[in-house]
Amino acid sequence: VVDVRTTSEIRPMGYAIVEVTHDIAADSAMAFGKRALASENIELIREDRATGTVEGGPVQIAAEGDQPALEATVTITSNLQGTAGKFRIYASAVLPAGGVGGVDPRLTALVQRISGRIGR
């Protein structure tokens, strides 16, 4: 008799995503991403030069109205084509049990601030 039990739980996510394009030198894409995180006081968790990705967090977002407090992670991925650098900024947070996932306006504001800092 094999008894398999799990404590895994599928939880909804709050998220936001934006893509921006800037003219940059190929060797500076990850530096732009790291500086954008630092400008928002977001600690660098990891960087992967092979994929052009930097990840930072956690970002603490206070509860607001009927919206729960969030602990978000921000991922910036760069894709270079010539001198044009396309950046994908993605923020996500696991919601409390019973929450409803989807685009969160607080995360949207965060990724828009970060996208504005890339290329400056």
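Scroll up to find the structure.
Right, let's walk through the structure included here. Since the structure is predicted, the reported quantities are computational estimates derived from the model, not experimental observations. (Residues numbered from 1 in each chain as written. Predicted model: local features only at pLDDT ≥ 70, side-chain atom pairs only at ≥ 80, totals over all residues. Heavy atoms only, no water.)

1. Section: the overall build of the protein
Then, in step 1: The helix and strand inventory of the protein stands at two helices and six strands.
Then, in step 2: If you list the helices and strands of the protein from N to C, you get β-α-β-β-β-β-β-α.
Then, in step 3: Counting over 120 residues, the protein shows a buried share of 36%.
Then, in step 4: Taking the intrachain contacts of the protein between residues at least 6 apart in sequence as the baseline, contacts between residues at least 24 apart amount to 59%.
Then, in step 5: Working note: accessible area of the protein is about 7300 Å², and carbon and sulfur atoms make up 51% of it. (Helix = DSSP H or I, 4+ residues; strand = E, 2+ residues; numbered from the N terminus. Buried < 20%, exposed > 50% of the residue type's maximum accessible area, 1.4 Å probe, protein only. Contact = heavy atoms within 4.5 Å. Areas by Shrake-Rupley, 256 points an atom, 1.4 Å probe, with all protein chains shown as cover.)

2. Things to note about the pairing of strand E4 (residues 70-81)
Then, in step 1: In terms of strand pairing, strand E3 (residues 53-61) meets E4 through seven bridges, oriented antiparallel. Pairing of Gln 60 across the sheet is with Glu 71, part of E4.
Then, in step 2: Bridge count for E4 against strand E5 (residues 84-94) is nine bridges, and the pairing is antiparallel. Bridge pairing in E5 links Thr 75 to Tyr 90. (Pairing = 2+ DSSP bridges.)

3. Comments concerning a nonpolar patch on the surface
Then, in step 1: Together, Met 13, Tyr 15, Val 94 and Val 103 make up a nonpolar patch on the protein surface, roughly 340 Å² of accessible area in all.
Then, in step 2: Looking at where Met 13 falls in the secondary structure, it is placed in strand E1 (residues 13-23).
Then, in step 3: With a relative accessible area of 32%, Met 13 lands in the partly exposed category. (Patch = residues over 30% accessible without salt bridge, like charges linked within 9 Å, V, L, I, M, F, W, Y side chains within 5 Å. Salt bridge = Lys/Arg side-chain N within 4 Å of Asp/Glu carboxyl O.)

4. A few points about the sheet that holds strand E2 (residues 44-48)
Then, in step 1: In space, the six strands of this open sheet follow the order E2-E3-E4-E5-E1-E6, with mixed pairing throughout. Single-partner strands in this sheet number two, and they are E2 and strand E6 (102-103).
Then, in step 2: Contacts from helix H1 (residues 29-39) reach E2, E3, E4 and E5, with the element oriented near 10 degrees to E3. (Axes fitted to C-alpha atoms, helices over the stretch in contact; angles between N-to-C directions.)

The quantities given are spatial measurements derived from coordinates; they are silent on function.
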